[in-house]
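Chain residues, written in single-letter form:
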Amino acid sequence: MEKKNLIVGQSGGPTAVINSSLYGVVREALAHPDQIGQVYGMINGIEGFLGGTMLDFREALPGEKLSWLKHTPGAYLGSCRYKLPESLEDPVYPLLFKKFQELNIGWFFYIGGNDSMDTVSKLSRYAAQIHSDIRVIGEPKTIDNDLVHTDHTPGYGSAAKYVASTVREIVLDASVYEKKSVTIVEIMGRHAGWLTAAGALARKYPGDNPFFIYLPETAFDPEDFLAKIEQAFSKNCNVVVCVSEGIHDEKGTFICEYDSSVGVDSFGHKMLTGCGKYLENLVKKRLGVKARSIELNVSQRCSSSLISATDQKEAVLAGSYGVLAALKGETGKMVSFKRNTDSQGNYQMECVLEDVNAICNAEKPVPAAWITPDGADVTEDFFAYALPLIQGSIDIPFGEDGLPAFVYRK
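Keep in mind that this is a model prediction, so the values were computed, not measured.

(A) Structural context of the pattern of salt bridges. Taken as a whole and assessed by the stated rule, the structure comprises 14 salt bridges. Residue Arg 292 pairs with Asp 173 through a salt bridge whose shortest N-O separation is 3.2 Å. Placement of the pair is Arg 292 in strand 9 (residues 290–295) and Asp 173 in helix 6 (residues 156–174), with a sequence separation of 119 residues. A salt bridge links Arg 203 to Asp 377; the nearest nitrogen and oxygen atoms lie 3.0 Å apart. One end of the pair, Arg 203, is in the loop between helix 7 (194–197) and strand 7 (212–214); the other, Asp 377, is in the loop between strand 11 (347–355) and helix 12 (380–386), with 174 residues separating them in the sequence. Overall, the relative accessible area of 17% leaves Asp 377 in the buried class. Three or more residues joined by partner-sharing salt bridges are found here, namely Lys 83, Glu 86, Asp 118 and Lys 122.

(B) Layout of the UniProt feature "binding site: diphosphate" (unreviewed entry) in the protein chain. Per the UniProt record, "binding site: diphosphate" (unreviewed entry) is annotated on Gly 13. Following the sequence through the fold, Gly 13 ends up in the loop between strand 1 (4–10) and helix 1 (18–30). Setting aside anything within four residues of it in sequence, one finds Gly 13 in contact with Arg 81, Lys 141 and Arg 301.

(C) Broad picture of the sheet that holds strand 7. The parallel open sheet is built from four strands, whose spatial order is 7-8-6-9. Of all the strands in the sheet, just strand 7 and strand 9 have a single pairing partner and so form its edges. Shown here is a sheet whose adjacent strand axes are inclined to one another by a mean of 15°, direction ignored. As paired strands, strand 6 (residues 181–187) and strand 8 (residues 238–244) are joined by seven bridges and run parallel to one another. Paired with Thr 183 across the two strands is Val 240, which belongs to strand 8. Sheet strands in contact with helix 6 are strand 6, strand 8 and strand 9, and its direction is about 165° off that of strand 6. Lying on the sheet, helix 9 (residues 275–287) is in contact with strand 6, strand 8 and strand 9; it crosses strand 6 at an angle near 165°.

(D) Highlighting the sheet that holds strand 5 (residues 135–140). Reading across the sheet, the seven strands line up as 3-2-1-4-5-10-11 and stay open at both edges, with mixed pairing between neighbours. The sheet terminates laterally at strand 3 (54–56) and strand 11, the two strands that pair on one side only. Averaged over all pairs of adjacent strands, the angle between strand axes in this sheet comes to 30°, irrespective of strand direction. Relative to strand 3, strand 2 (residues 36–42) runs antiparallel, the two sharing three bridges. Residue pairing for strand 3: Tyr 40 is matched across the bridge by Asp 56. Running at roughly 160° to strand 4 (residues 105–112), helix 5 (residues 114–129) makes contact with strand 4, strand 5 and strand 10 (333–341) of the sheet.

(E) Inspection of the side chain of Gln 312 at higher detail. Position of Gln 312 relative to the elements: it lies in helix 11 (residues 309–327). Judged by its relative accessible area of 14%, Gln 312 falls in the buried class.

(F) Region of the structure containing helix 6. Relative to the 27 Å expected for 19 residues at 1.5 Å per residue, helix 6 spans 26 Å between its end C-alpha atoms, a close match to the ideal helical length. Counting buried positions along helix 6 gives 14 out of 19 residues, so the element sits mostly inside the fold.

(G) Structural context of the packing of aromatic side chains. Counted according to the given criterion, the structure contains 17 aromatic pairs. When the ring centre of Trp 68 is taken as reference, the NZ or CZ atom of Lys 65 above it lies at 4.3 Å. Above the face of the Trp 194 ring, Lys 364 is positioned so that its terminal group lies 5.2 Å from the ring centre.

(H) Seen up close, helix 5. Look at helix 5: 23 Å from first C-alpha to last across 16 residues, which is about the 22 Å you get at 1.5 Å a residue. Of all the 16 residues making up helix 5, twelve are buried; the element is thus mostly covered by neighbouring parts of the structure. Taken together, the buried residues of helix 5 touch helix 2 (45–50), helix 4 (92–102), strand 4, strand 5 and strand 10. Following helix 5 by one or two positions, His 131 has its phi on the positive side, about 60°.

(I) Just the environment of Leu 201, in detail. Looking at the element boundaries, Leu 201 is found in the loop between helix 7 and strand 7. Along the sequence, Leu 201 and Lys 161 sit 40 residues apart, while their C-alpha atoms lie 8.6 Å from each other.

(J) Quick peek at the UniProt feature "binding site: substrate" (unreviewed entry) in the protein chain. The UniProt feature table records "binding site: substrate" (unreviewed entry) at Thr 142, Ile 143, Asp 144, Met 188, Gly 189, Arg 190 and Glu 245. Examined against the element boundaries, Ile 143 turns out to sit in the loop between strand 5 and helix 6. Setting aside its immediate chain neighbours within four residues, Ile 143 contacts Thr 15, Gly 155, Tyr 156, Ala 159, Met 188, Leu 195, Gln 300 and Arg 301. Position of Arg 190 relative to the elements: it lies in the loop between strand 6 and helix 7.

(K) Broad picture of the environment of Gly 319. Note that Gly 319 resides in helix 11. Residue classification places Gly 319 among the buried positions, given a relative accessible area of 0%. Sequence spacing of Gly 319 and Tyr 93 is 226 residues, and the spatial spacing of their C-alpha atoms is 25 Å. In contact with Gly 319, other than residues within four places in its own chain, are Ser 21, Gly 24, Val 25 and Glu 139.

Criteria and thresholds
Residues numbered from 1 in each chain as written. Predicted model: local features only at pLDDT ≥ 70, side-chain atom pairs only at ≥ 80, totals over all residues. Heavy atoms only, no water. Salt bridge = Lys/Arg side-chain N within 4 Å of Asp/Glu carboxyl O. Helix = DSSP H or I, 4+ residues; strand = E, 2+ residues; numbered from the N terminus. Buried < 20%, exposed > 50% of the residue type's maximum accessible area, 1.4 Å probe, protein only. UniProt positions renumbered as here; feature names shortened; annotations may be inferred. Contact = heavy atoms within 4.5 Å. Pairing = 2+ DSSP bridges. Axes fitted to C-alpha atoms, helices over the stretch in contact; angles between N-to-C directions. Expected span 1.5 Å × (residues − 1). Phe/Tyr/Trp six-rings, centres within 6.5 Å; stacked < 30°, edge-to-face > 60°. Lys NZ or Arg CZ within 6 Å of the ring centre and 35° of its normal.

Below is the structure:
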């Protein structure tokens, strides 16, 4: 049997463990020299590959250097937000597969979220259409945790740990003065509020701050919001609130649009930011109390200091599992996580495969039953779901300058 080469790329927004999934793919691929020849990386995803930029992992990260990927944030290979044409008759597809043939590619791996799985779907369908034997596998990634047909996604556990830890620090900072104040923490989440919900994990006891958690799964009422703040002052003069960037009113208008014009990204998605600032000004104007807003922004996805050991372990496992599945002939699939519990009710997870065509271009919201009837908090069901995913910490090596030692692509 002729040996084929493997190529892997990363796409979309990075996470703290997207490079752990990359490590899992590359390490497993290198462990099968009898079946897999070269192991290539696409620089800046499918867009970079079309431009001819790639690397050879044996040369780029020899020996122990490869393992440094596990604690390095960002996307080592670089990312892109390139969307392949909807029509499989577009000339880009024969161009891509010509390049695959020239490189003797037998396995294609793409690590990313919803739009990345769209790429996996299109490439696998085109491969079937032209009877190509290239195996195309999707590796899940997103801090938003909104991919369907998987219990959760690599990247979410670490981002949730960061959000919960940071919100707990903010709560302590906000409580130093005996004077009415409102602190609004704006957290990533366009249509799914999984990450914002993690703010609730910051509570040290029932009734602790953050008092309110607002997700995009329910309509946001500014007047009800103000009334709840007023009521909360009777319990604590310092009120902390977590809001998703994508909260919207009953008409579907994003709260961030109340004050500003919102642009769109390359996929046509509105670029959401600013709902925290709007609510800060609303509180100041209507309630006349001290208010401030904090946008966690990209720190949610690039913090290596709070990587969840569980998240990292599962990300590596997903990468490895995908390679083994491809070697068995699987294609057009995404590696998925299936949650199990043992007889004592302890969390366990196993990898399975799901049809990528049933995953791309769909979003998984926080279940309605996990949101309180007033839309201002999450239930205990969310805590049971999320707490196992943020467990454990990792040791990050530091350099002589006292800063984390990451691996960089030169």
